Amino acid sequence: LEGRVHATLVDRAKQGDAEAFDSLARSVGDRCMAIAVRILRDADLAEDAVQGALITAWRELRALRNPDLFEPWLHRILTNACYAEARRRRRWSEGIRLLPVEPVHGPDDILTVDDRDLLERAFRRLTVEQRTVLVFHHYLGLSVSEVADRIGIPVGTAKSRLHHATRALRASVDADARASSTSQERMA
Amino acid sequence: MTKSRDPDRLIRAFLAEGQTDLPDQIYDAVRDQIERTNQRVVIGPWRTPDMNRFFALGAAAAVVVLGVFIGLQLFGGNIGGPGPPVQPSPTATPPPSPSPAPTPQAWAGPIQVGRNEATISGIRFSFRISSPGWVRTRWEGMINLFPPGNWIGFLNSFDSVSSDPCAGTTTAVGPSVADMADALTTIPGTEAEAPVDTTVGGLPAKLVVFTINDDIDCDPSSFWIYGPDSAYPNSVNSTIRTWVFELDGSRYSIHSNQEGTDAEQAQEITEIVESVQFE
């Protein structure tokens, strides 16, 4: 049903109906924000990326042939917007201090404060492209081939990015576990 | 992390946390912007737009050529449709009435039409925006007009220009305004006009206008204008305008990027910079 509502709004928006596009944006904006803030690890940057992506989507909407595919199409635009924000941040001002993403605990509250800190640091060390694949795969629950299709890269590239990103995060987790284990042995 | 646990589960739990709401002000800003942004007319196969390089140059050129043709056919030269969003003519905007003192703002956020005040590196100044759509970015001093491509970076203090923009190597520039203006005309991969005398905030200044050649050896996002991690053009289809001036014994510049050649957008950028007043 949501898809049909989207398709109807897309058809109206393609005719230049700003009201329809506004409704469309409000129906997908939160999900876009959730994706962008997880990729960029900064709420302000994520807002800029989503705003830019929505305006680009409006401008390019008539190029979208299948209205049912609006959201995947938008996600690809959003991905490019996130890449642009990440590059611009890095190059325009190196001195900006990134604030940590405000933790809002999820239903699966298995993370300790140390876990979050460890994963946050490890996540920020990944490239924005690797973070994107992780977010689409682990957060949106897409398969690797779906991720590749969603962000417009070959399946092999998606697999490679996911492999390296996951390995890097696992290495951080394992290293921390080993360090904790060693510390406990010394205390015992 | 004191227990051995499934790393994949930890990653999923980590990603499940975090903000999921887009603030209302962003929806409002999008609504405001789309009402003044034309939708692109589709003339060819679908291609996902890239935020930095919306179209391959050839495709863009084709759009522009066809757009001009269609525009001339339909409107007799009063062109709409394809191309960059049409900006309200600055001359059509009523001049601001005598207004109260500008309201100080934190840097990031929407920009009001009218005079806006800012402080960068301790220097207080104001500038006037004549049409909506500009936003202050998270990078202090930088304002963007969405869609990205047109932006202005206020009060930079570069002391070099690139000798090889793709490699990130630089040439030191002498201390004067003229030294920097002259140096900006020498950047490989660009075509610059001779510096012209102008003013910024009533101060003597030089304006250098240059374009990025379409045969540069690297992606535009790696084409450093003043040296590594400085500024780069949004595309080879960009026109850079740099105003160089001296304030209280220090040299500053205001750098702008215009994607495309829309005359009204060029005028709007120029008017914003020319409206600068120092406190």
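Residues numbered from 1 in each chain as written. Chains lettered and ligands numbered in written order. Predicted model: local features only at pLDDT ≥ 70, side-chain atom pairs only at ≥ 80, totals over all residues. Heavy atoms only, no water.

## Considerations on helix α6 (residues 128-139) of chain A
Residue and element names in this part refer to chain A. End to end, α6 covers 15 Å across 12 residues, agreeing with the expected 16 Å (1.5 Å per residue, within 8%). Counting buried positions over the 12 residues of α6 gives nine, a clear majority of the element. Those residues of α6 that fall on the buried side of the exposure criterion are Val128, Gln130, Arg131, Thr132, Val133, Leu134, Val135, Phe136 and His138. Trailing α6 by a residue or two, Gly141 shows a phi angle of about 75°, which is positive. (Helix = DSSP H or I, 4+ residues; strand = E, 2+ residues; numbered from the N terminus. Expected span 1.5 Å × (residues − 1). Buried < 20%, exposed > 50% of the residue type's maximum accessible area, 1.4 Å probe, protein only.)

## Some words on the sheet that holds strand β2 (residues 114-120) of chain B
Across a sheet, strands are paired by hydrogen bonds formed along the backbone, either parallel or antiparallel in direction. All names here are of chain B. Read from one edge of the open sheet, three strands run β2-β3-β14, paired in antiparallel fashion. Of all strands in the sheet, those bounded by a partner on one side alone are β2 and β14 (277-278). As paired elements, β2 and strand β3 (residues 123-129) share seven bridges and run antiparallel to each other. Bridged to Glu117 within β3 is Ser126. (Pairing = 2+ DSSP bridges.)

## Here's the deal with the state of the cysteines
In total, this model carries one disulfide over all chains according to the counting rule given. Residue pairing for Cys166(B): its cysteine sulfur links by disulfide to Cys218(B), the two sulfurs lying 2.1 Å apart. One quick way to see it: the torsion about the S-S bond of Cys166(B) and Cys218(B) is about -80°, and its sign makes the bridge left-handed. Within this pair, whereas Cys166(B) is found in the loop between β7 (160-164) and β8 (169-172), its partner Cys218(B) is found in the loop between β11 (203-212) and β12 (238-247), the two being separated by 52 residues in sequence. Residue Cys166(B) is classed as partly exposed on the basis of its relative accessible area of 27%. Cys32(A) takes part in no disulfide bond, and the closest cysteine sulfur to it belongs to Cys82(A), at a distance of 9.0 Å. The class of Cys32(A) is buried, set by a relative accessible area of 2%. (Disulfide = S-S within 2.5 Å.)

## Points about a negative patch on the surface
Residues and elements named next belong to chain B. There is a patch of like negative charges on the surface, built from Asp164, Asp214, Asp215 and Asp217. Within the secondary structure layout, Asp214 lies in the loop between β11 and β12. Looking at Asp214, the relative accessible area reads 57%, which means it is exposed. (Patch = residues over 30% accessible without salt bridge, like charges linked within 9 Å, V, L, I, M, F, W, Y side chains within 5 Å. Areas by Shrake-Rupley, 256 points an atom, 1.4 Å probe, with all protein chains shown as cover. Salt bridge = Lys/Arg side-chain N within 4 Å of Asp/Glu carboxyl O. Lys, Arg positive; Asp, Glu negative; His and termini not counted. Charge placed at Lys NZ, Arg CZ, Asp CG, Glu CD.)

## Overview of the confidence of the model for chain B
Residue and element names in this part refer to chain B. On average, residues of chain B carry a pLDDT of 74, and 73% of them reach 70 or more. Between residues 43-105, whose pLDDT stays under 50, and residues either more than four places distant or in other chains, the model counts 103 contacts. Among the prediction metrics, the complex's ipTM stands at 0.82, with pTM recorded as 0.51. (pLDDT = per-residue confidence, 0-100. Contact = heavy atoms within 4.5 Å.)

## A word on helix α3 (residues 43-60) of chain A
Along its 18 residues, α3(A) runs 25 Å from first to last C-alpha, staying within 8% of the 26 Å computed at 1.5 Å per residue. By the N-cap criterion, in which a side-chain oxygen at the helix start approaches the backbone nitrogen of a residue two or three places on, α3(A) is capped by Asp42(A), the distance to Asp44(A) being 3.0 Å. (Polar contact = N/O pair within 3.5 Å; in protein donor to acceptor, adjacent residues only side chain to side chain.)

## Brief notes about the packing of aromatic side chains
Residue and element names in this part refer to chain B. According to the stated counting rule, one finds 11 aromatic pairs over all chains in the structure shown. With a centroid separation of 6.4 Å and an interplanar angle of 50°, the aromatic rings of Phe125 and Phe278 are classed as tilted. Here Phe125, found in strand β3, pairs with Phe278, found in strand β14; they are 153 residues apart in sequence, far enough to count as distant. An angle of 45° between the planes, with centres 5.7 Å apart, marks the rings of Phe245 and Phe278 as tilted. (Phe/Tyr/Trp six-rings, centres within 6.5 Å; stacked < 30°, edge-to-face > 60°.)

## Comments concerning the packing of α6(A) against helix α1 (residues 7-16) of chain B
Where α6(A) meets α1(B), the axes come as close as 10 Å, and the angle between the chain directions of the two elements is 95°. With respect to each other, α6(A) and α1(B) are oriented roughly perpendicular. In contact with Leu134(A), Val135(A), His138(A) and Tyr139(A) of α6(A), α1(B) contributes Asp8(B), Ile11(B), Arg12(B), Leu15(B) and Ala16(B). Across the contact of α6(A) with α1(B), the residue classes break down as six nonpolar, one polar and two charged. (Axes fitted to C-alpha atoms, helices over the stretch in contact; angles between N-to-C directions. Parallel < 35°, antiparallel > 145°, perpendicular 65-115°, else oblique. Nonpolar A, V, L, I, M, F, W, Y, C, P; charged D, E, K, R; others polar.)

## Observations concerning the packing of α3(A) against helix α2 (residues 24-34) of chain B
Two elements in contact, α3(A) and α2(B), have axes whose closest approach is 10 Å; the angle formed by their N-to-C orientations is 30°. The angle between the axes of α3(A) and α2(B) places the two elements in the roughly parallel class. With respect to the hand of their crossing, α3(A) and α2(B) are arranged in right-handed fashion. From α3(A), Glu47(A), Gln51(A), Leu54(A), Ile55(A) and Trp58(A) reach across to α2(B), where they touch Ile26(B), Ala29(B), Val30(B), Gln33(B) and Ile34(B). (Left-handed = near helix turned anticlockwise from the far one by under 90°.)

## Structural notes on unusual backbone geometry
The bulk of non-glycine residues show a negative phi, and the bulk of peptide bonds are trans. For Arg41(A), which is not a glycine, the phi torsion comes out positive at approximately 60°. Within the element layout of this structure, Arg41(A) appears in the loop between α2 (18-40) and α3. Accessibility expressed as a relative area gives 3% for Arg41(A), which makes it buried. Its identity as a non-glycine residue notwithstanding, Asp248(B) has a phi of 50°, on the positive side. With respect to the helices, strands and loops of the structure, Asp248(B) is situated in the loop between β12 and β13 (250-259). The exposure class of Asp248(B) is exposed, given its relative accessible area of 77%.

## Some remarks on the pattern of salt bridges
All names here are of chain A. A complete count under the given rule lists 16 salt bridges over all chains for this structure. For Asp117, the salt bridge identified is with Arg121, shortest N-O distance 3.1 Å. Within this pair, Asp117 and its partner Arg121 are both found in helix α5 (residues 113-125), separated by four residues, close to a single helical turn. Arg121 sits in the partly exposed class, given a relative accessible area of 44%.

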